[in-house]
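Chain residues, written in single-letter form:
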Amino acid sequence: MVATPIGNLRDITLRAIDTLKSVDAIAAEDTRVSRKLLAHLGIQTNLISAHEHNEREAAQKLVTLLSQGKSVALISDAGTPAISDPGAIVVAHVRAAGFRVVSIPGASAITTAIAAAGLQSESFCFHGFLPVRKGEREKMLAALKAQPGLQVFYEAPHRIVECIASIVAVFEGDRRIGIARELTKLFEQVHVCRLDEALAWLEQSENHRRGEFVLLVEGCADAVEQDDSGPQHVLEILLQELPLKQAVGLAAEITGIKKNALYEKALKLKNEGGDEKK
Ligand code: SAM
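Residues numbered from 1 in each chain as written. Predicted model: local features only at pLDDT ≥ 70, side-chain atom pairs only at ≥ 80, totals over all residues. Heavy atoms only, no water.

## Comments concerning the side chain of arginine 175
- Looking at the element boundaries, arginine 175 is found in the loop between helix H7 (160–170) and strand E6 (176–181).
- Residue arginine 175 is classed as buried on the basis of its relative accessible area, which comes to 4%.
- Apart from the residues lying within four places of it in its own chain, the contact partners of arginine 175 are Lys145, Cys193, Arg194, Leu195, Glu218, Gly219 and Cys220. (Helix = DSSP H or I, 4+ residues; strand = E, 2+ residues; numbered from the N terminus. Buried < 20%, exposed > 50% of the residue type's maximum accessible area, 1.4 Å probe, protein only. Contact = heavy atoms within 4.5 Å.)

Shown next, in the form of structure tokens:
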């Protein structure tokens, strides 16, 4: 499994190049797209098609090649295969047939966006693309509204306005959103603002609605209040044994909930007469 660039062709690792050069065949999501990358790298390895609609047959073909002692790399059009891209079905078949699968890490739009946005969170949850239909999309968002970690979505330019409008409609407006577009490309931009300012920013310029997008939405700040039982129980137990600060730190690690939300909860518990250490 070989990661390829998400825009800038220089974002490919030396190990990825070595692997693509040395394998007997490369299974690619779209052979026309990959041919351009391989030509750029001066690689002439044979290409096999392995896209969303033929992944099972491709998997069989790959297993046959591996059984003959050949080596095969799998790449997608951009970034890390199997991340909102084909690959997982092939890997499952290959593993089931008893062959070793090696991942050659590299670019992915998820990690690239998170690294540049500066939205601190103990955890993040990646959801891929939100449903196309508004009703389904908003139902899914409603189910994510109380999640504490950073919520990460992919989106295409033709749906970016509807998608952000749904997030704004369902989540609280004072959360921040990171809108990362065209990462690693010429017009790369990572804009961070309050959710209730996001639609105005999109309206400001046609360019703001162009390109490929990753959306990063801050988690629910008072997630403890929304679903209290599990995290509160963890806090109560830790507070019986540890000083407040240490209990909060450990509870944050265990539950993935932000420290400041847990700190407030811990203070409340203490004031209510909890028997934690001072
Ligand atoms: N496998 C890829 C990865 O590891 O990131 C993702 C493939 S998915 C089919 C394509 C989506 O990823 C795009 O619609 C966009 O949401 C996101 N994406 C890919 N490249 C991007 C880039 N350069 N800037 C921002 N988002 C990007």
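Further notes follow.
## Digging into the packing of helix H6 (residues 134–144) against H7
- Following both chains from N to C, one finds H6 and H7 inclined at 45 degrees, their axes separated by 10 Å at the closest point. For the element pair H6 / H7, the angle class is oblique. Crossing geometry of H6 relative to H7 is assigned as right-handed. Together, Lys134, Arg137, Glu138, Leu141 and Ala142 of H6 and Glu162, Cys163, Ser166, Ile167, Ala169 and Val170 of H7 make up the contact between the two elements.
- The residue makeup of the contact of H6 with H7, split by class, is six nonpolar, one polar and four charged. (Axes fitted to C-alpha atoms, helices over the stretch in contact; angles between N-to-C directions. Parallel < 35°, antiparallel > 145°, perpendicular 65-115°, else oblique. Left-handed = near helix turned anticlockwise from the far one by under 90°. Nonpolar A, V, L, I, M, F, W, Y, C, P; charged D, E, K, R; others polar.)

## Concerning the sheet that holds strand E2 (residues 46–49)
- Here three strands make up an open sheet; going across it, the order is E2-E1-E3 and the pairing parallel. Single-partner strands in this sheet number two, and they are E2 and strand E3 (72–75). Ignoring strand direction, the axes of neighbouring strands in this sheet form an average angle of 30 degrees.
- Pairing of strand E1 (residues 25–28) with E2, which is carried by four bridges, proceeds in the parallel orientation. Note that in E2 the partner of alanine 25 across the bridge is asparagine 46. (Pairing = 2+ DSSP bridges.)

## Observations concerning the site of the ligand
- What surrounds the ligand is a group of 18 residues, the closest being Asp85, Ala109, Tyr154, Leu183 and Phe213.
- Between the ligand and tyrosine 154 there is a distance of 2.7 Å, counted from an oxygen atom to a side-chain nitrogen or oxygen.
- A total of 570 Å² of accessible area belongs to the ligand in isolation, and the protein chains cover 91% of it.
- Cavity membership is defined here by more than half of the atoms lying within 2 Å of grid points; on that basis the ligand lies in the largest pocket. (Near = heavy atom within 4 Å. Polar contact = N/O pair within 3.5 Å; in protein donor to acceptor, adjacent residues only side chain to side chain. Areas by Shrake-Rupley, 256 points an atom, 1.4 Å probe, with all protein chains shown as cover. 1 Å grid on protein atoms, 1.4 Å probe; cavity = no way out; pocket = protein on both sides within 12 Å on 5 of 7 lines; lining within 4 Å. Sits in = over half its atoms within 2 Å of the grid points.)

## Some thoughts on the domain arrangement of the protein
- What the domain assignment reports for the protein is domain 1 (9–96), domain 2 (112–222) and domain 3 (225–273).
- When each unit is reduced to the centre of its C-alpha atoms, the spacing between domain 1 and domain 3 is 47 Å. (Domains from an automatic or database assignment.)

## Things to note about the sheet that holds strand E5 (residues 150–155)
- As summarised here, the arrangement of the five strands in space is E4-E5-E8-E6-E7, forming an open sheet in which the pairing is mixed. The open sheet has two edge strands with one neighbour each: strand E4 (124–129) and strand E7 (189–194). Going across the sheet, the axis of each strand differs from the next one's by a mean of 15 degrees, ignoring polarity.
- Examined bridge by bridge, E6 and E7 share six bridges and lie antiparallel to one another. Directly across from alanine 180, in E7, lies its bridge partner valine 190.
- Packing against the sheet, H7 makes contact with E5, E6 and strand E8 (213–217), and its axis sits at approximately 5 degrees to E8.

## Examining helix H4 (residues 88–96)
- Those residues of H4 that fall on the buried side of the exposure criterion are Val90, Val91 and Val94. Angularly, the buried residues of H4 cover 95 degrees about the axis, an arc narrow enough to put them on a single face.
- Buried residues along H4 sit against helix H3 (55–67) and E3.
- Positive backbone phi, at 95 degrees, marks glycine 98, one or two positions downstream of H4. (Arc of directions from axis to C-beta.)

## Considerations on the packing of H3 against H4
- Look at H3 against H4: their axes get within 9 Å of each other, and the N-to-C directions meet at 40 degrees. Relative to H4, H3 is oriented oblique. Crossing of H3 against H4: the hand is right-handed. Residues Glu55, Arg56, Ala59, Gln60, Leu62, Val63 and Leu66 of H3 lie in contact with H4, whose contacting residues are Ala88, Ile89, Val90, His93 and Val94.
- Here the contact of H3 with H4 is composed, by residue class, of eight nonpolar, two polar and two charged.

## A few points about the packing of aromatic side chains
- Taken as a whole and assessed by the stated rule, the structure comprises two aromatic pairs.
- A centroid spacing of 5.8 Å and a plane angle of 65 degrees characterise the contact between phenylalanine 129 and tyrosine 154, whose relative ring orientation is edge-to-face. Of this pair, phenylalanine 129 sits in strand E4 while tyrosine 154 sits in strand E5, and the two are 25 residues apart along the sequence.
- On the accessibility criterion, tyrosine 154 (9% relative accessible area) is buried.
- Put simply, the rings of Phe126, Phe129 and Tyr154 touch in pairs and so form one group of aromatic residues. (Phe/Tyr/Trp six-rings, centres within 6.5 Å; stacked < 30°, edge-to-face > 60°.)

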